[in-house]
Amino acid sequence: QVQVVESGGGSVQAGGSLKLSCAASGYIFSSCGLGWYRQAPGKERELVSIISSDGTTNYADSLKGRFTVSQDNAKNTLYLQMNSLKSEDTAAYYCAVVCRRGGNTFHYWGQGTQVTVSS
């Protein structure tokens, strides 16, 4: 079974940094990517960044230059380095294994980790 577990959230002052981690397992590496999403209260869940099995990354345009996604050497952990945090970055951050099979896309979500940025 696919397992996705986020960690590293917390409270930070504006301008500070946080690094989130996502441990993912139980999926077919060649068929799936790993992504970070976030959802603020009253807002739709949005893509932050995604990395494919070949290492290709995509970011939300508004976050380029502040957020960086990476993987550890074993590719079993996904990271999101968040710099120059703003109050508008406050949200629940979710990691997902994103897989395509038979023309369908499947998202296997973690439980989320809260990031709160205060000013």
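Residues numbered from 1 in each chain as written. Predicted model: local features only at pLDDT ≥ 70, side-chain atom pairs only at ≥ 80, totals over all residues. Heavy atoms only, no water.

Chemist: Would you explain the environment of A23 in this entry?
Modeler: Secondary-structure assignment places A23 in strand β3 (residues 18-25). With a relative accessible area of 39%, A23 lands in the partly exposed category. Beyond its immediate chain neighbours, meaning those up to four positions away, A23 contacts Q3, V4, V5 and N76. (Helix = DSSP H or I, 4+ residues; strand = E, 2+ residues; numbered from the N terminus. Buried < 20%, exposed > 50% of the residue type's maximum accessible area, 1.4 Å probe, protein only. Contact = heavy atoms within 4.5 Å.)

Chemist: Got a minute to help me understand the pattern of salt bridges in this structure?
Modeler: Any two side chains of opposite charge can pair, given that their charged atoms come close. Across all of its chains, the model carries 4 salt bridges by this definition. For R38, the salt bridge goes to E46, with nearest N and O atoms at 2.8 Å. Notably, a salt bridge pairs R66 with D89, separated by 2.8 Å at the nearest N-O pair. Taken together, the residues span a long stretch of sequence, with R66 in the loop between β6 (57-59) and β7 (67-71) and D89 in the loop between β8 (77-82) and β9 (91-101) at a distance of 23 residues. Each member of the pair, R66 as well as D89, carries the same accessibility label: buried. Linked by salt bridges that have partners in common, R38, E46, R66 and D89 make up one network. (Salt bridge = Lys/Arg side-chain N within 4 Å of Asp/Glu carboxyl O.)

Chemist: Could you clarify how one ought to interpret the packing of aromatic side chains in this entry?
Modeler: What characterises a pair of aromatic rings is the spacing of the ring centres plus the angle enclosed by the ring planes. Under the defined criterion, the tally for this structure stands at 2 aromatic pairs. Taking the centre distance of 6.4 Å and the plane angle of 80° together, the rings of Y94 and W109 count as edge-to-face. In this pair, Y94 is assigned in strand β9 and W109 in strand β10 (residues 104-109), connecting sequence segments 15 residues apart. Taking relative accessible area as the criterion, Y94 reaches 15% and is therefore assigned buried. A relative accessible area of 36% means that W109 is categorised as partly exposed. Through a chain of ring-to-ring contacts, three or more aromatic side chains come together here, namely Y37, Y94 and W109. (Phe/Tyr/Trp six-rings, centres within 6.5 Å; stacked < 30°, edge-to-face > 60°.)

Coordinates in, geometry out; function isn't part of it.
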